[in-house]
Amino acid sequence: TTAPEVHRGLAGVVADTTRISTVIQETNSLTYRGYPVQDLAARRSFEEVAHLLWYGELPDPARLRDFRARERALRPLDRTTSELLARLPETCHPMDVLRTAVSLFGAEDPTEDDGSPAAHRAKSLTLLARLPTVVAADQRRRRGLAPIPPDPGLGYAENFFHMCFGSVPDPETVRCFEISLVLYAEHSFNASTFTARVVTSTLSDLYSAVTAAVGALKGPLHGGANEAVMHMLDEIGDPGRAEEWLDGALAAKRKIMGFGHRVYRHGDSRVPIMQDALDRLVARAADPGVTRKATLHAALREAMLNRKGIHPNLDYPAGLAYHLMGFDTPAFTPLFVMSRITGWTAHITEQLAHNALIRPLASYDGPRQRPVPAPE
Ligand code: CMC
């Protein structure tokens, strides 16, 4: 018998159909429910995009009002949850706190999970509303500061800044953050989304699927890359060192964080709009320290294109943008979670709607069958 063909990393394998999003290779574009993501980022709020991903359509004004009101009401954490999360060691990664928080929400949720889209959407909205409260409180406790409760008078992005810093920055900065949320929201069968679908395919619950997805996103080959980008820029330090550093890193066979993509071979379609928003942040700051970081960022991008012909992915501009917005580097991947929770939960609902247990095969190349020796 010939060995079956193996697709390592499931590269090129089409595992199911989806109606949520797609990358159109010919035009190098990404669409959510048919709408180009760059147009959504330019014209629509993150809340509208969340509604689009979950319900299949953008909300009309009445629905949007209702959606926003429900999201705002669900933001506060109860005391027990806050206390439990505050007890986690500060030495653990913020993604560990977030993963634990999702698991805890699952244990505390008294509502039944009957697997219906309505039940799932209610749970998804709760997660969308509460995760920012967790992320903000965690960042503050690591800075030795007390949490700031959510403000129901503020939109999703504004409220998050308020909970993190006690103030809302200029509209341009808020807009840049919102653009990143729209761009990060959904990306078809990426590793964390596929993880959520695998867990869901066993008919497990939504919180278990999301907890697993947070774990998958944490890794530096996936969402952890936005954090890793900032560590890398800090390590290089000086724009003049970018080329030399890159040559050393490539010679040492290091993966350069924020570059390359499994699906996009000629550049990530989300990068131009994020880079544009980042450029506006940099210009606005008009600060020599910020300009230096932006120069280094651009120099490394050029060097990587020249040396390897590899383009940046979304994590490359998003990483620096989050730094300029004032977030702590280890909190970058949790910001990705706050957005991708929409895509994950849309896929969980879709998986359940036409479920098939995800259970691939492996080509065995271990020892041949052999007798178990008698114990010595
Ligand atoms: N740095 C150096 N070399 C790279 C990189 C990179 N970032 N990306 C790809 N390559 C090289 C790779 O070494 C390989 O070369 P060779 O053929 O000589 O062995 C070639 O390009 C093909 O790469 P691959 O590893 O087969 O590609 P993949 O589809 O398995 O990997 C990837 C995709 C994202 C894991 C990889 O590009 C990578 O590790 N990037 C750095 C981490 C990163 O930025 N991840 C974020 C991904 S996008 C958004 C997200 O999920 O957050």
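Residues numbered from 1 in each chain as written. Predicted model: local features only at pLDDT ≥ 70, side-chain atom pairs only at ≥ 80, totals over all residues.

Caption draft 1: View of the domain arrangement of the chain. Split by domain assignment, the chain resolves into domain 1 (35–170 + 178–220 + 330–353) and domain 2 (225–324). Distance between the C-alpha centres of domain 1 and domain 2: 26 Å. Residue-level contacts link 13 residues of domain 1 with 15 residues of domain 2. Elements with a contribution of two residues or more to the side of domain 1 that touches domain 2: helix H1 (37–43), helix H8 (171–184) and helix H16 (332–353). (Domains from an automatic or database assignment. Contact = placed C-beta atoms within 7 Å. Helix = DSSP H or I, 4+ residues; strand = E, 2+ residues; numbered from the N terminus.)

Caption draft 2: Representation of unusual backbone geometry in the model. Here the phi dihedral of Asn28 falls at roughly 55 degrees; this positive angle occurs in a residue that is not glycine. Residue Asn28 is classed as partly exposed on the basis of its C-beta count, with 13 C-beta atoms lying within 10 Å. Positive phi is not limited to glycine here, since Leu203 has a value of about 70 degrees. Counting through the fold element by element, Leu203 comes out in the loop between helix H9 (191–201) and helix H10 (206–218). (Buried ≥ 20, exposed ≤ 12 C-beta atoms within 10 Å, placed from the backbone.)

Caption draft 3: Geometry of the sheet that holds strand S3 (residues 35–36). The strand order across the open sheet built from 3 strands is S1-S2-S3, with neighbouring strands paired in antiparallel fashion. Only two strands of the sheet have a single neighbouring strand rather than two, namely strand S1 (21–24) and S3. As paired strands, strand S2 (residues 29–32) and S3 are joined by 2 bridges and run antiparallel to one another. From the neighbouring strand, Thr31 faces S3, where its bridge partner is Pro36. (Pairing = 2+ DSSP bridges.)

Caption draft 4: Spotlight on the pairing of S2. In S2, alternate side chains face the same way, and those of Leu30 and Tyr32 are buried while those of Ser29 and Thr31 on the opposite face are not. In the sheet, S1 pairs with S2 via 4 bridges, with the strands oriented antiparallel. Across the sheet, Ile24 pairs through a bridge with Ser29, a residue of S2. Remark: 4 residues form the turn of the hairpin made by S1 and S2, two consecutive strands paired antiparallel; Asn28 in that turn has positive phi of roughly 55 degrees. Where S2 folds back onto S3 in an antiparallel hairpin, the turn is made up of 2 residues, including Arg33, whose phi is positive at roughly 50 degrees.

Caption draft 5: Representation of the environment of Leu30 within the structure. Position of Leu30 relative to the elements: it lies in strand S2. C-beta crowding within 10 Å serves as the criterion here: with 24 such atoms nearby, Leu30 is assigned to the buried category. A sequence separation of 239 residues divides Leu30 from Ser269, and the C-alpha atoms of the two residues are 6.6 Å apart. Excluding anything up to four places from it in sequence, Leu30 contacts Ser21, Val23, Val37, Ser269 and Arg270.

Caption draft 6: Representation of helix H14 (residues 288–308). Its 21 residues place the ends of H14 30 Å apart at the C-alpha level, agreeing with the 30 Å of an ideal helix rising 1.5 Å per residue. What H14 keeps buried is the set Lys293, Leu296, His297, Leu300, Arg301 and Met304. An end-on view of H14 places all buried positions within 130 degrees of arc, on one side of the element. Exposed residues on H14 whose side chains face more than 90 degrees from its buried face are Pro288 and Asn306. (Expected span 1.5 Å × (residues − 1). Arc of directions from axis to C-beta.)

Caption draft 7: Representation of the packing of helix H5 (residues 94–108) against H16 in the model. Axis separation between H5 and H16 bottoms out at 8 Å; the angle between their running directions is 30 degrees. At the point where H5 passes H16, the crossing takes the right-handed sense. From H5, Pro94, Met95 and Leu98 reach across to H16, where they touch Thr333, Pro334 and Val337. Of the residues that constitute the contact of H5 with H16, the class distribution is 5 nonpolar, 1 polar and no charged. (Axes fitted to C-alpha atoms, helices over the stretch in contact; angles between N-to-C directions. Left-handed = near helix turned anticlockwise from the far one by under 90°. Nonpolar A, V, L, I, M, F, W, Y, C, P; charged D, E, K, R; others polar.)

Caption draft 8: Local environment of the nonpolar core. Counting 94 residues, the largest nonpolar core has Leu98, Val182, Val210 and Met274 as the members making the most contacts within it. With residues near it in sequence (within four places) discarded, Val182 still touches Val37, Leu40, Ala41, Phe46 and Val49. (Core = buried A, V, L, I, M, F, W, Y, C linked by C-beta atoms within 7 Å.)

Caption draft 9: Structural context of the site of the ligand. Taken together, the neighbourhood of the ligand is formed by 19 residues, with Ala225, Ile256, Phe259, Gly260 and Arg262 sitting nearest. When grouped by side-chain class, the residues that make up the shell around the ligand number 7 nonpolar, 8 polar and 4 charged. (Near = placed C-beta within 6 Å.)

Caption draft 10: A look at the packing of H5 against helix H6 (residues 117–142). Relative orientation of the contacting elements H5 and H6 amounts to 140 degrees, with a least axis distance of 10 Å. As the angle between them shows, H5 and H6 are arranged oblique. The crossing of H5 and H6 is right-handed. Within the contact between the two elements, H5 uses Pro94, Val97, Leu98, Ala101, Val102 and Phe105 and H6 uses Leu127, Arg130, Leu131, Val134, Val135 and Asp138. Considering only residue class, the contact of H5 with H6 consists of 10 nonpolar, no polar and 2 charged. (Parallel < 35°, antiparallel > 145°, perpendicular 65-115°, else oblique.)

Caption draft 11: A look at the confidence of the model for the chain. Taken residue by residue, the chain gives an average pLDDT of 96. The fraction at 70 or more is 100%. Scoring of the predicted complex yields 0.96 for pTM and 0.97 for ipTM. (pLDDT = per-residue confidence, 0-100.)

Caption draft 12: Examining the environment of Ala15 more closely. On the secondary structure map, Ala15 appears in the segment before S1. When the 13 C-beta atoms within 10 Å are taken as the criterion, Ala15 is described as partly exposed. The spatial distance from the C-alpha of Ala15 to the C-alpha of Pro317 is 30 Å, given a sequence separation of 302 residues. In this structure Ala15 touches Leu10 and Phe189, once residues within four positions along its chain are discounted.

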